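Residue-level structure breakdown
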Amino acid sequence: MKTIEVDEELYRYIASHTQHIGESASDILRRMLNFRAGQVVAASETATTKAQAPASVATKPRDGVRAVRELLLSDEYAAQSKAINRFMLVLSTLYCLEPNTFSAATEQLHGRTRVYFAGDEHTLLQHGVHTKPKHIQGTPYWVITNTNTDRKRSMVEQIMQSMQFPAELVEKVCGTI
């Protein structure tokens, strides 16, 4: 296995195409480039062929309900003993499913004096010194974590409702946090 370095912007773009928790960067890139294991890349491939591969991937529908249910049934989720860790996994999954809808939903979430989501830690610290910001893995977002479990459930509930998940799934997810 080879290691490559990518800038932060490219990393976030690749991570935004994650379809399930634990998916490797290689798997994501293979899917995006429509590249199979063992496939030989010819140097004579045209730029048109290369440009079309990611577009065909982008048009595939994603089953968000299935992805969230798989998260709830996953060993990784079950292994989390703390509400904060389950909260962070749910947020990461929701972002990966629909980054634009997730972004719109988080812009509407805030308290009287606190900002709950931001693109950097500093913004959250400006709106409260004891917010304990954490980066949401695979996203460009940070979230405050110094809230009670009910507030975390409320944030997830509002995001999932904005993303139009079925009410029973929203309730089930919130019940596991």
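Residues numbered from 1 in each chain as written. Predicted model: local features only at pLDDT ≥ 70, side-chain atom pairs only at ≥ 80, totals over all residues. Heavy atoms only, no water.

The protein chain is annotated in an unreviewed UniProt entry as Negative modulator of initiation of replication of Symbiopectobacterium purcellii. The UniProt entry for the protein chain carries the following comment under Subunit (unreviewed entry): "Homodimer. Polymerizes to form helical filaments." Word for word, the UniProt comment on the protein chain under Subcellular location (unreviewed entry) is "Cytoplasm". (UniProt positions renumbered as here; feature names shortened; annotations may be inferred.)

In this section: the sheet that holds strand 3 (residues 142–144). Taking strand neighbours across the sheet as the criterion, the 3 strands line up as 1-3-2 in an open arrangement whose pairing is antiparallel. Either end of the sheet is taken by a strand with one partner, and the two such strands are strand 1 (117–118) and strand 2 (133–135). One ladder, built from 3 bridges, connects strand 2 with strand 3; its direction is antiparallel. Across the sheet, residue P133 finds its bridge partner in strand 3, namely I144. In the packing of helix 6 (residues 83–97) onto the sheet, the strands contacted are strand 1, strand 2 and strand 3, and the crossing angle to strand 3 comes to about 145 degrees. (Pairing = 2+ DSSP bridges. Helix = DSSP H or I, 4+ residues; strand = E, 2+ residues; numbered from the N terminus. Contact = heavy atoms within 4.5 Å. Axes fitted to C-alpha atoms, helices over the stretch in contact; angles between N-to-C directions.)

All right, on to the confidence of the model for the protein chain then. For the protein chain, per-residue confidence averages 80 on the pLDDT scale, and residues scoring 70 or more make up 82% of the total. Averaged pLDDT values for the elements of the protein chain fall to 35 in helix 3 (residues 47–58) and rise to 95 in helix 10 (residues 167–176). Confidence drops under pLDDT 50 across residues 42–61; counting only partners more than four residues distant or on other chains, this segment forms 7 contacts. (pLDDT = per-residue confidence, 0-100.)

Moving on, we get to the layout of surface pockets. Of the voids in this model, the largest pocket is the one considered here, and its volume is about 920 Å³. Lining of the largest pocket is provided by 33 residues; of these, E23, S24, A25, S26 and I28 occupy positions nearest its centre. Looking at the lining of the largest pocket, the elements that each hand over two or more residues are helix 1 (8–15), helix 2 (25–33), helix 6 and strand 2. Sorting elements by how many residues they give to the lining of the largest pocket places helix 2 first, with 6 residues. Partitioned by chemical class, the residues of the lining of the largest pocket number 16 nonpolar, 12 polar and 5 charged. (1 Å grid on protein atoms, 1.4 Å probe; cavity = no way out; pocket = protein on both sides within 12 Å on 5 of 7 lines; lining within 4 Å. Points joined across faces, edges and corners; volume = space filled by probe spheres on them. Nonpolar A, V, L, I, M, F, W, Y, C, P; charged D, E, K, R; others polar.)

To continue, consider the pattern of salt bridges. If you walk through the whole model with that rule in mind, you get 2 salt bridges. Across the pair R66 and E70 runs a salt bridge whose closest N-O atoms are separated by 3.0 Å. You can see R66 and its partner E70 sitting in helix 4 (residues 64–73), 4 residues apart, about one turn around the helix. The exposure class of E70 is partly exposed, given its relative accessible area of 40%. For the salt bridge of D150 with R153, the shortest nitrogen-to-oxygen distance reads 3.1 Å. Residue D150 and its partner R153 are located together in helix 9 (residues 149–162), separated by 3 residues, close to a single helical turn. Overall, D150 belongs to the exposed group, its relative accessible area being 54%. For R153, a relative accessible area of 28% puts it in the partly exposed group. (Salt bridge = Lys/Arg side-chain N within 4 Å of Asp/Glu carboxyl O. Buried < 20%, exposed > 50% of the residue type's maximum accessible area, 1.4 Å probe, protein only.)

Before going further, it helps to spend a moment on helix 6. Along its 15 residues, helix 6 runs 21 Å from first to last C-alpha, staying within 8% of the 21 Å computed at 1.5 Å per residue. Where burial is concerned, most of helix 6 is hidden: 14 out of the 15 residues are buried. (Expected span 1.5 Å × (residues − 1).)

Attention now goes to empty space enclosed by the protein. Evaluated as defined, the whole model comprises 1 cavity of 30 Å³ or more. The space that makes up the largest cavity amounts to roughly 40 Å³. Taken together, T18, Q19, H20, I21, T93, C96 and L97 make up the lining of the largest cavity.

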